[in-house]
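Below, each chain spelled out in residue letters.
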Amino acid sequence: MTIFTPTVTIDGTNIAGIVLRGATITRGKSDPDAPPTPSTAYLELVTADADPTVADDFPLFTYGEGIATGYYADYRELYEGGETKLAAGTPIAVTVATPTGYADTYEATYVGFAGTRFSGIVTAVDYRRRVIALTAVDSSEAIARIMVDPSSWPVEDETVRAARIATAAGITLDVVGTSGRDIVATDADLPPRSAAVLLDELAASNDALVFATRDGVLTYRTRDAVTGHANVTVPSTATIADDLTLTQELGRIVNRVTVEYGAAVSGVRPTVTVDDAPSIALYGVREGLPIVTVLNDLADATAYGNRVLDHYATLTWHMPSVAVNLALAETDTSPAAMQAVAELDLDDDVTVPYLLPAAPLLDYASRVLGYTETVDPYAWQLAISMDPAGWTRQEIPA
């Protein structure tokens, strides 16, 4: 009995029937100081030499009209010329639907979950004996190859700069939220730079986020924007306890940072140094690496430094990740809990109420940095990476 119904659509055709072990999707990041990487999906397909019916049922998803793999090079011309949709650049989507019609005393109207888990294009095809492996990436990957001229841009609001980068790159960017923080003007002689690098720099300086939605919409979301999801609690029955870890690291302590901002004077940009006095009294000076921002104003640079120290100046317990079995979440007393966890996305808030016996905390709340997802008809799991500072979006200092 299948619990979930994954759909793997390549160029409009559902080929889930020949996908081995489902799909593995990686989204976001695990390091809070790094920009999110493009989402990726990895799939393995059965080939005609493993199951001859593949050539009949999915004729455009084999090579050379179903000739088995493992042939000598002398025969390559016999199967490489066949028509196939398994090629780099082909659009691909992974969706999931659960059975509908749940009826119990808690969720009488629950009708199941249906949603897109990944949208992108195939970027690599590995053809091996009995298996074709596909790697796909989302729309955010393409902007890394688009070069723009960033010279002579004026001082302007963060959201205006994001829109300016998108216009210069010729891309559609959904800018969500407001800012009020000014971005430094650029010099007249700057060389061309990648649109992805410019957006990542802007986002890093403002605690914003550049990402592609699961439906493939390229988005810039400011720190002030509401993500759209309230704090989601992971059902206790769905938490994979064997993977839980709570950690304290003295080496993470940083209580002094220097932040670069504003326009250069005689070739040197101004800086501001921010300290956390109570932390210095406890641990001595632990200075972080200099931080280069595109912020224009001293007040914004100082606030940025204080947010960094709020992250790192205090010794706290943190949980790097939590693994969730969505099959168990679905059969929990509240089936809608599965849908809430499944809809979690980057920067959303999550609470883990079930920790290890005798753990130093009763529960743990943080924001989602990213996740690795396994989608299979018999198992659907999320390994969620969380902010080690234990922040939720609502707690991030202004």
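Everything here concerns the structure above.
Within any chain, residue numbers begin from 1 and follow the written order of that chain's sequence. Residue-level local features of this predicted model are given only where pLDDT is at least 70; pairs of side-chain atoms are given and counted only at 80 or more, and the full residue set underlies all totals for whole chains, interfaces and linings. With hydrogens and water excluded, all non-hydrogen atoms of the structure serve as input to the side-chain values.

**Thoughts on the overall build of the protein chain**
(1) Moving on: Runs of E in the DSSP output that reach at least two residues are strands. Runs of H or I that reach at least four are helices, and both are numbered from the N terminus. When its secondary structure is counted, the protein chain shows eight helices and 22 strands.
(2) Moving on: Considering only residue pairs separated by 6 or more positions, the protein chain has 71% of its internal contacts joining residues 24 or more positions apart.
(3) Moving on: Of the accessible surface of the protein chain, which amounts to about 18,200 Å², a share of 55% is contributed by carbon and sulfur atoms. Residue contacts are counted whenever heavy atoms from the two residues lie within 4.5 Å of one another. Accessible areas in this description were obtained via Shrake-Rupley with a 1.4 Å probe; residue shielding takes into account the shown protein chains only.

**A word on the nonpolar core**
(1) Moving on: Only buried residues count toward a nonpolar core, which is a set of Ala, Val, Leu, Ile, Met, Phe, Trp, Tyr and Cys residues joined through side-chain atoms within 4.5 Å. A simple rule labels every residue: compare its accessible area, found with a 1.4 Å probe on the protein chains alone, to the largest value its type can have, and call it buried under 20%, exposed over 50%, or partly exposed in between. In this structure, Leu43, Ile92, Met319, Leu326, Ile384 and Met386 are the most contacted members of the largest nonpolar core, which totals 40 residues.
(2) Moving on: Ignoring sequence-local partners within four residues, the contact set of Met319 consists of Leu244, Thr245, Leu246, Val352, Leu355, Tyr364 and Met386.
(3) Moving on: Grouped together as the second largest cluster of nonpolar side chains are 36 residues, Val148, Trp153, Ala169 and Ile183 included.

**Things to note about the environment of Met386**
(1) Moving on: One can find Met386 in strand β22 (residues 379-386).
(2) Moving on: Exposure remark for Met386: the relative accessible area of 1% places this residue in the buried category.
(3) Moving on: Separated by 37 residues in the primary sequence, Met386 and Asp349 place their C-alpha atoms 9.2 Å from one another.
(4) Moving on: Residues within four places of Met386 in sequence aside, it is in contact with Met319, Pro320, Ser321, Val322, Val350, Val352, Tyr364, Ser366, Arg367 and Leu369.

**Here we look at helix α3 (residues 158-169)**
(1) Moving on: Between its terminal C-alpha atoms α3 stretches 17 Å, which fits the 16 Å expected from twelve residues at 1.5 Å a residue.
(2) Moving on: Along α3, the positions that sit buried rather than exposed are Glu158, Thr159, Arg161, Ala162, Ile165, Ala166 and Ala169. Taken end-on, α3 shows its buried residues confined to a sector of 165°, consistent with a single buried face.
(3) Moving on: Where α3 is buried, its residues contact β8 (147-148), β9 (156-157), β10 (174-176), β11 (182-183), α4 (195-206) and β14 (218-221). What a helix is expected to span follows from its residue count: subtract one and scale by 1.5 Å. To obtain the arc, one takes the directions from the helix axis to the C-beta atoms.

**Notes on the sheet that holds β14**
(1) Moving on: Spatially, three strands are ordered β10-β14-β13 in an open sheet, and the strand pairing comes out mixed. Each edge of the open sheet is held by one strand with a lone partner, namely β10 and β13 (209-212). Taking the axes of each pair of neighbouring strands and ignoring which way they run, one obtains an average angle of 20° across the sheet.
(2) Moving on: As paired strands, β13 and β14 are joined by four bridges and run antiparallel to one another. What sits directly across from Leu209, in β14, is Arg221. Any two strands with at least two DSSP bridges between them are considered paired. Every angle, taken between N-to-C directions, lies between 0 and 180 degrees, and every axis is a line fitted to C-alpha atoms, over only the stretch in contact when it is a helix.

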